[in-house]
Amino acid sequence: MLAKTLSVTTALTVLVGLGACNMSAQSNSVPETAQSREDVEAIVRAYLLENPEIIMEAMLVLEERENARLGEQLASNDADFSVGPADADVTIVEYFDYHCGYCRRSLDWVMDQVENSDGRVRVVFKELPILSEQSVRAARAAIASQNQGEYLEFHQAMMRHSGQLSDDDIFEIARDVGMNATRLERDMESAEVDAHLARVLGEAREHGVTGTPAFFINGELYSGFAQRELEQRIESLLEG
């Protein structure tokens, strides 16, 4: 309720400010018909009371703009692996854990969004290891795999692994996709990987992510893998 109140206040402030701006833009020789700020505020207030739907429209526009800014912010770090063009109509930012069953279940769907969109959808991958220490190990390996240019194949192979990912499993999968496992193990312990994990965790906490998977679609948060709801949102954005 507080957020809605603040949004309404913001909308009113903007509308009243526009009226005042029109007045201040006039020259010093103010015509006799000019209205005071109080007059403008009264007119705006009366109009909004007669047409309250305008406030809701303004709130929706404001929310869409805020979501768009957040979406751009979350997708802007080059350290996060992504698939799809940077100027795609729809950007999906996914926070995931390699031991999360719903994350594994969503893998094919996520990849389909890129492969079947004719370049109109981009996916940004964010490792959020919250379930176990081995989740952290897998996330470290995924981040480090970018140094060998094998992130996407490695990511999918780890997601498709059945059961817990031990270190032996992680390095075996790495070798299977053509990586140097010794180098990967070394790179996993780098300060860059530490900073990457800390940044992603901070983002998740700041923007309301409480579990995995979590998807931001053009900046709007969807918790869990509700496939139909996600598809409806993407469809509406692509059609719009």
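Just above, that's the structure.
Residues numbered from 1 in each chain as written. Predicted model: local features only at pLDDT ≥ 70, side-chain atom pairs only at ≥ 80, totals over all residues. Heavy atoms only, no water.

S.K.: Hey, could you run me through helix α9 (residues 191-206) in this one?
M.R.: Since the α-helix packs 3.6 residues into each turn, any two residues three or four apart lie on the same face. If you check α9, its first and last C-alpha atoms are 22 Å apart, about what 16 residues at 1.5 Å a residue would give, namely 22 Å. By the burial criterion, the buried members of α9 are Val 193, His 196, Leu 197, Val 200, Glu 203 and Ala 204. Buried residues of α9, viewed axially, fall in a sector of 125°; they line one side. For α9, the exposed residues set more than 90 degrees away from the buried face come down to Ala 191, Ala 198, Arg 205 and Glu 206. (Helix = DSSP H or I, 4+ residues; strand = E, 2+ residues; numbered from the N terminus. Expected span 1.5 Å × (residues − 1). Buried < 20%, exposed > 50% of the residue type's maximum accessible area, 1.4 Å probe, protein only. Arc of directions from axis to C-beta.)

S.K.: What exactly am I supposed to notice about the sheet that holds strand β1 (residues 82-83) here?
M.R.: Strand pairing within a sheet occurs via backbone hydrogen bonds; the two strands may be parallel or antiparallel. Ordered in space as β1-β3-β2-β4-β5, the five strands form an open sheet in which the pairing is mixed. Only two strands of the sheet have a single partner each, and these edge strands are β1 and β5 (220-223). With two bridges connecting them, β1 and strand β3 (residues 121-127) associate as antiparallel partners. When the bridges of β3 are listed, Val 83 appears paired with Val 123. Together, β2 (90-96), β4 (214-217) and β5 form the strand contacts of helix α10 (residues 227-239), whose direction differs from that of β4 by roughly 15°. (Pairing = 2+ DSSP bridges. Contact = heavy atoms within 4.5 Å. Axes fitted to C-alpha atoms, helices over the stretch in contact; angles between N-to-C directions.)

S.K.: Sorry, what's going on with the pairing of β3 here?
M.R.: Here is the key point about a regular strand: its side chains alternate between the two faces of the sheet. Most of β3 is tucked away: seven of the seven residues are buried. Side chains Val 121, Val 123, Phe 125 and Glu 127 of β3 all project onto a buried face; the interleaved residues Arg 122, Val 124 and Lys 126 project onto the opposite face, where all are buried too. Bridge analysis of β2 against β3 gives seven bridges, and the strand direction is parallel. What sits directly across from Phe 96, in β3, is Glu 127. Crossover β2 to β3 through helix α4 (residues 101-115) is right-handed. (Right-handed = clockwise from strand over helix to strand, strands pointing away.)

S.K.: Is there a simple way to explain the packing of aromatic side chains in this structure?
M.R.: For any two aromatic rings, the description comes down to two numbers: the centre-to-centre distance and the angle of the planes. The final tally for this structure, using the stated rule, is nine aromatic pairs. Here the aromatic rings of Phe 96 and Phe 125 are separated by 6.4 Å at their centres, their planes lie at 80°, and the arrangement is edge-to-face. Of this pair, Phe 96 sits in strand β2 while Phe 125 sits in strand β3, and the two are 29 residues apart along the sequence. Each member of the pair Phe 96 and Phe 125 is classed as buried. Put simply, the rings of Phe 81, Phe 96, Tyr 98, Phe 125 and Tyr 151 pair up and form one aromatic cluster. (Phe/Tyr/Trp six-rings, centres within 6.5 Å; stacked < 30°, edge-to-face > 60°.)

S.K.: Hey, could you run me through the pairing of β2 in this one?
M.R.: Of all seven residues in β2, seven are buried; the element is thus mostly enclosed. Residues Val 90, Ile 92, Glu 94 and Phe 96 point to one face of β2 and Thr 91, Val 93 and Tyr 95 to the other, with burial holding for every one of them. When β2 meets β4, the two strands line up antiparallel, connected through four bridges. Counterpart to Glu 94 in the pairing with β4 is Phe 215.

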